[in-house]
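What follows is each chain in one-letter form.
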Amino acid sequence: MHKNGFLVVISGPSGGGKGTVVRRVREMMPELALSVSATTRPPRVGEEDGREYYFLDRDAFEEMVAREEMLEYTSYCGNYYGTPKKEAQRIMASGKNMILEIEVEGAEQVKRLYPDAVSIMLIPPTIEEMRQRLVGRGTEPIETVEKRLSRAAEEIQLAGEYDYIVINQRDEIEACAKQICEIIHAEGARTGRMTAEIEAFLI
Ligand code: ADP
Ligand code: 5GP
């Protein structure tokens, strides 16, 4: 019998470093599966369909929503983002722990569906650092950068709803990824997640 995996939700303002840190976490914990989301935003240079996202047009996304094929979804800065149920179910059936990198509204929906999910908010050390990272990434025009920065305060205000808050200090990606791995390891050892191991001694 294999153990059931648990869900790890990572949210945080744009430019905080979620994508970068999650990539490093997955290298450190290859057994962790990433849920690939669907979105209507256009791919950035270097992004591949099915790897970073499933890139859909609005009609295709709305059809998936109408067919109830999204576990959760939201509209963020003018585009849809959502977790396809198929994707999540495939990973959950494998018994692996699953990581979802999603914004705050989606995170709330996931917590409602799976109260056992572990939620982590990843934040940059300062607003100024966040702005520099977003501008430095160079993937969005300045109006989009401003839109994303103005969402940041609302997102960080919800930090209290999360189980953990991790600060991604400047040039400390390694330490940040390590801290997230430590959280995931510790969560895996929670008594409620170890019942099968204990029961094996009792029969
Ligand atoms: P998010 O996915 O949260 O929007 P990214 O992972 O794309 O953020 O990071 C935004 C930018 O900041 C990228 O150019 C990335 O290389 C850079 N970055 C991420 N973490 C750090 C860090 N700890 N120190 C300096 N730059 C960082
Ligand atoms: P980006 O355009 O920078 O890749 O993502 C923008 C925001 O959408 C980020 O906060 C990211 O975490 C969030 N996001 C990505 N995928 C999903 C998803 O499937 N559902 C939700 N609710 N948010 C998502």
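As the structure is a computational prediction, the values presented were derived from the model and not from experiment.

Caption draft 1: How the structure looks around the site of ligand 1. In the vicinity of ligand 1 lie 16 residues, with Lys18, Thr20, Arg137, Asn168 and Asp171 positioned nearest. One of the side-chain nitrogen or oxygen atoms of Thr20 is found 2.5 Å away from an oxygen atom of ligand 1. Within the side chain of Arg137, an N or O atom sits 2.7 Å from an oxygen atom of ligand 1. Starting from 570 Å² of accessible surface for ligand 1 in isolation, the protein chains cover 80%. A molecule is said to occupy a pocket when more than half its atoms come within 2 Å of that pocket's grid points, and by this definition ligand 1 occupies the largest pocket. For the shell around ligand 1, the secondary structure elements donating two or more residues are helix H1 (18–28) and helix H5 (127–137). For the shell around ligand 1, the element with the highest residue contribution is H1, accounting for 3 residues. Of the residues assigned to the shell around ligand 1, the class counts are 2 nonpolar, 8 polar and 6 charged.

Caption draft 2: Representation of the layout of surface pockets within the structure. Approximately 1200 Å³ is the volume attributed to the largest pocket. Every element with two or more residues in the lining of the largest pocket is listed here: H1, strand E5 (70–76), strand E6 (79–84), H5 and helix H6 (142–157). In terms of residues, the lining of the largest pocket owes the most to one element, H1, which gives 6 residues. Broken down by class, the residue content of the lining of the largest pocket amounts to 10 nonpolar, 17 polar and 18 charged. A volume near 280 Å³ is recorded for the second largest pocket.

What counts as what
- Residues numbered from 1 in each chain as written.
- Chains lettered and ligands numbered in written order.
- Predicted model: local features only at pLDDT ≥ 70, side-chain atom pairs only at ≥ 80, totals over all residues.
- Heavy atoms only, no water.
- Near = heavy atom within 4 Å.
- Polar contact = N/O pair within 3.5 Å; in protein donor to acceptor, adjacent residues only side chain to side chain.
- Areas by Shrake-Rupley, 256 points an atom, 1.4 Å probe, with all protein chains shown as cover.
- 1 Å grid on protein atoms, 1.4 Å probe; cavity = no way out; pocket = protein on both sides within 12 Å on 5 of 7 lines; lining within 4 Å.
- Sits in = over half its atoms within 2 Å of the grid points.
- Helix = DSSP H or I, 4+ residues; strand = E, 2+ residues; numbered from the N terminus.
- Nonpolar A, V, L, I, M, F, W, Y, C, P; charged D, E, K, R; others polar.
- Points joined across faces, edges and corners; volume = space filled by probe spheres on them.

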